[in-house]
Amino acid sequence: MPTYARAALGAVIAAAALTGALLASTAATPEDRAPASKACTASLEADIGAGTSALMTLSTSGPTVSFKDGPGHPIPSLGKLDRTHPKLPASAGIRAEILKPYGTAPQLRTKVEGGAPYDVQDFPKLPKGCKVTGTK
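Reference entry: report on the structure contained in this document. (Residues numbered from 1 in each chain as written. Predicted model: local features only at pLDDT ≥ 70, side-chain atom pairs only at ≥ 80, totals over all residues. Heavy atoms only, no water.)

**Comments concerning the state of the cysteines**
Link 1 in the chain: A complete count under the given rule lists 1 disulfide for this structure.
Link 2 in the chain: One disulfide in the model links Cys40 with Cys130; its S-S distance is 2.0 Å. Sign of the S-S torsion, about -70° for the bond between Cys40 and Cys130, identifies this disulfide as left-handed. Remark: Cys130 occurs in the segment after β7 (119-122) and Cys40 occurs in the loop between α2 (30-39) and β1 (41-49); sequence separation between them is 90 residues. Summarising the burial analysis for this pair, Cys40 and Cys130 share the class buried. (Disulfide = S-S within 2.5 Å. Helix = DSSP H or I, 4+ residues; strand = E, 2+ residues; numbered from the N terminus. Buried < 20%, exposed > 50% of the residue type's maximum accessible area, 1.4 Å probe, protein only.)

**Concerning the pairing of strand β5 (residues 95-99)**
Link 1 in the chain: Only one face of β5 is buried: it carries Ala96 and Ile98, and the other face, with Arg95, Glu97 and Leu99, is open.
Link 2 in the chain: Bridge analysis of β5 against strand β6 (residues 107-111) gives 5 bridges, and the strand direction is antiparallel. Residue Ala96 lies in a different strand from β6, and its bridge partner there is Thr110. (Pairing = 2+ DSSP bridges.)

**Some remarks on the packing of aromatic side chains**
Link 1 in the chain: Scanning all chains against the criterion turns up 0 aromatic pairs.
Link 2 in the chain: The side chain of Arg109 reaches across the aromatic face of Tyr118, ending 3.9 Å from its centre. (Phe/Tyr/Trp six-rings, centres within 6.5 Å; stacked < 30°, edge-to-face > 60°. Lys NZ or Arg CZ within 6 Å of the ring centre and 35° of its normal.)

**Looking at the layout of surface pockets**
Link 1 in the chain: In this structure, the largest pocket spans a volume of roughly 170 Å³.
Link 2 in the chain: Lining the largest pocket are Leu58, Thr104, Ala105, Pro106, Asp122, Phe123, Pro124, Lys125, Leu126, Cys130, Lys131 and Val132.
Link 3 in the chain: Residues belonging to the lining of the largest pocket are distributed by class as follows: 8 nonpolar, 1 polar and 3 charged. (1 Å grid on protein atoms, 1.4 Å probe; cavity = no way out; pocket = protein on both sides within 12 Å on 5 of 7 lines; lining within 4 Å. Points joined across faces, edges and corners; volume = space filled by probe spheres on them. Nonpolar A, V, L, I, M, F, W, Y, C, P; charged D, E, K, R; others polar.)

**Some words on the pairing of strand β2 (residues 52-59)**
Link 1 in the chain: Of all 8 residues making up β2, 7 are buried, and the element is well covered by its neighbours.
Link 2 in the chain: Looking at chain direction, β1 and β2 are connected through 8 bridges and run antiparallel. Bridge pairing in β2 links Glu45 to Leu55.
Link 3 in the chain: Linkage of β1 to β2, two consecutive antiparallel strands, is achieved through a turn of 2 residues, within which Ala50 is found at a positive phi near 55°.
Link 4 in the chain: In this structure, β2 lies alongside strand β3 (residues 62-68), joined through 7 bridges in antiparallel fashion. For Ala54, the partnering residue across the bridge sits in β3 and is Phe67.

**Some remarks on the sheet that holds β5**
Link 1 in the chain: One open sheet holds the 3 strands; their spatial order is β5-β6-β7, and the pairing between them is antiparallel. The sheet is open, and its two borders are formed by β5 and β7, each paired with just one other strand. Strand-to-strand, the axes of this sheet are offset by a mean angle of 20°, without reference to chain direction. (Axes fitted to C-alpha atoms, helices over the stretch in contact; angles between N-to-C directions.)

Right, dumping it as structure tokens:
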């Protein structure tokens, strides 16, 4: 290959590499997108009785619930509720269920003390411009 052809080919490759580097530096990284997803999340901690609280979170992918004890420590034995597991098993010792897990306004229904009535809490609303996906 003649020297002038190699020089021209080298210039084309260098220009392509520079263009690729410039485009890559302006592309959004996962870290850049994280704040946007956090912006479409709303959480609310509610006392559900017997020294237990429920952290209800609504995001674009639907509702989730985790449970904490009085001092605010997670209660791993109760697990986490979401669309795929919207209800605690009877063996959990308390009753908790996400009502309308695929709806736009889910609710948490709980009962922690035997003779007490069920309590129903609304999940927080998403910020303006955010929508829950997969709703029915």
